[in-house]
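Here are the chains, one letter per residue:
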Amino acid sequence: MPSRRGKKSKFKKVLIPVLKWVSAIIPVCAFIYILYYYKQFDFLKKREVVKTETKVLSSGDSLQAGIGRSDDELAAKIHVTTNEWHPVGGLAIHNLEIENTSASLVKSVEVEFKYLNDVQAVLTSKIVTIKTPLPAKKTTKVSGLSVGYVNNAVVGCDVRVLSAKK
């Protein structure tokens, strides 16, 4: 009479690998179902090609380019005569004197601040729009201008007027 022990060992030899495979497949299937449920398979879809079209509305658009040139000529007539600055808690606070040598009132000026380290290499550069009106043929003092965070290694600052608007 054959023993029952042989049948149990055959059952264990089959059942254990089946349970291992099932325990590995079920979490993977659950993960894929969750991705499907929350619509996370967008990367499989083809993306639409973006098409752009340029239309010329009128010939008056080129007029804006001519206006830009006059702003550059106006910016050449505006100079920063003095620039005193000091860091306060990591912020750079500037006191500027801006000289307007043009014959017209300037409403706003874009100024570039280049912060330099001890070997005069540029660490960071910031552009600030100053909306203080600058009267014609006069020097205007702008004090307490905060430019933003600067590095502790900054030892100098170069200032340049980029553009001006009437």
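Not measured: the values here are computed from a predicted model.

Chemist: Is there a simple way to think about the overall build of the protein chain in this case?
Modeler: Along its length, the protein chain carries two helices and six strands. When the helices and strands of the protein chain are listed from N to C terminus, the series reads α-α-β-β-β-β-β-β. By the burial criterion, 22% of the 166 residues in the protein chain qualify as buried. Counting contacts in the protein chain only where the partners sit at least 6 residues apart, residues at least 24 apart contribute 64% of the total. Summed over its atoms, the accessible surface of the protein chain is roughly 13,200 Å², and 58% of this surface lies on carbon and sulfur atoms.

Chemist: What exactly am I supposed to notice about the sheet that holds strand β3 (residues 108-116) here?
Modeler: Across a sheet, strands are paired by hydrogen bonds formed along the backbone, either parallel or antiparallel in direction. Ordered in space as β4-β3-β6, the three strands form an open sheet in which the pairing is antiparallel. Looking at strand neighbours, the two that pair on one side only are β4 (122-130) and β6 (156-165), the edges of this open sheet. Averaged over all pairs of adjacent strands, the angle between strand axes in this sheet comes to 20°, irrespective of strand direction. With nine bridges connecting them, β3 and β6 associate as antiparallel partners.

Chemist: In this structure, what is going on with a nonpolar patch on the surface? I would like to understand it.
Modeler: On the surface, Y33, I34, Y36, Y37 and Y38 cluster together to form a nonpolar patch covering roughly 660 Å² of accessible area. For Y38, the location among the structural elements is in the loop between α1 (5-37) and α2 (62-76).

Chemist: Looking at this model, I keep getting lost on the nonpolar core. Mind explaining?
Modeler: Residues I78, V109, F113 and Y115 are the most contacted members of the largest nonpolar core, which totals 23 residues. Those elements that place two or more of their residues in this core are α2, β1 (78-88), β2 (91-100), β3, β4, β5 (138-149) and β6. In terms of residue count, the dominant contributor to this core is β3 (four residues). I78 has contacts with I98, E99, N100, V106, V109, L134, V161 and A164, leaving out every residue within four places of it along the chain.

Chemist: Could you clarify how one ought to interpret the sheet that holds β5 in this entry?
Modeler: Judged by pairing direction, the sheet is antiparallel, and its three strands sit side by side in the order β1-β2-β5 without closing on themselves. Each end of this open sheet is capped by a strand with a single partner; those strands are β1 and β5. This sheet shows a mean twist of 20° between the axes of neighbouring strands, independent of strand direction. Relative to β2, β1 is paired through ten bridges, and the arrangement is antiparallel.

Chemist: Would you take a moment to explain the side chain of N117 for this structure?
Modeler: You can see N117 is positioned in the loop between β3 and β4. What N117 contacts, discounting residues up to four positions off in sequence, is L123, A153 and V155.

Chemist: I'm lost on the pairing of β4 in this one. Help?
Modeler: Regular strands place their side chains on alternate faces of the sheet. Pairing of β3 with β4, which is carried by eight bridges, proceeds in the antiparallel orientation. Bridging across to β4, E110 finds its partner in T129. The turn joining β3 and β4, which pair antiparallel and follow one another in sequence, is formed by five residues; a positive phi near 65° is taken by Q120.

Chemist: Is there a simple way to think about the packing of aromatic side chains in this case?
Modeler: The way to describe two aromatic rings as a pair is by their centre distance and the angle between their planes. Per the stated rule, a full pass over the model turns up three aromatic pairs. With a centroid separation of 5.1 Å and an interplanar angle of 90°, the aromatic rings of Y37 and Y38 are classed as edge-to-face. Comparing Y37 with Y38, the two get one shared label, exposed.

Chemist: Can you help me understand the environment of L134 in this one?
Modeler: Its place among the elements puts L134 in the loop between β4 and β5. For L134, a relative accessible area of 2% gives the class buried. With 26 residues separating them in the primary sequence, L134 and S108 have C-alpha atoms 7.8 Å apart. Ignoring sequence-local partners within four residues, the contact set of L134 consists of I78, I98, N100, S104, L105, V106, V109 and T140.

Calculation rules
Residues numbered from 1 in each chain as written. Predicted model: local features only at pLDDT ≥ 70, side-chain atom pairs only at ≥ 80, totals over all residues. Heavy atoms only, no water. Helix = DSSP H or I, 4+ residues; strand = E, 2+ residues; numbered from the N terminus. Buried < 20%, exposed > 50% of the residue type's maximum accessible area, 1.4 Å probe, protein only. Contact = heavy atoms within 4.5 Å. Areas by Shrake-Rupley, 256 points an atom, 1.4 Å probe, with all protein chains shown as cover. Pairing = 2+ DSSP bridges. Axes fitted to C-alpha atoms, helices over the stretch in contact; angles between N-to-C directions. Patch = residues over 30% accessible without salt bridge, like charges linked within 9 Å, V, L, I, M, F, W, Y side chains within 5 Å. Salt bridge = Lys/Arg side-chain N within 4 Å of Asp/Glu carboxyl O. Core = buried A, V, L, I, M, F, W, Y, C linked by side-chain atoms within 4.5 Å. Phe/Tyr/Trp six-rings, centres within 6.5 Å; stacked < 30°, edge-to-face > 60°.

It is worth stressing that arrangement in space is one thing and function is another; only the former is reported here.
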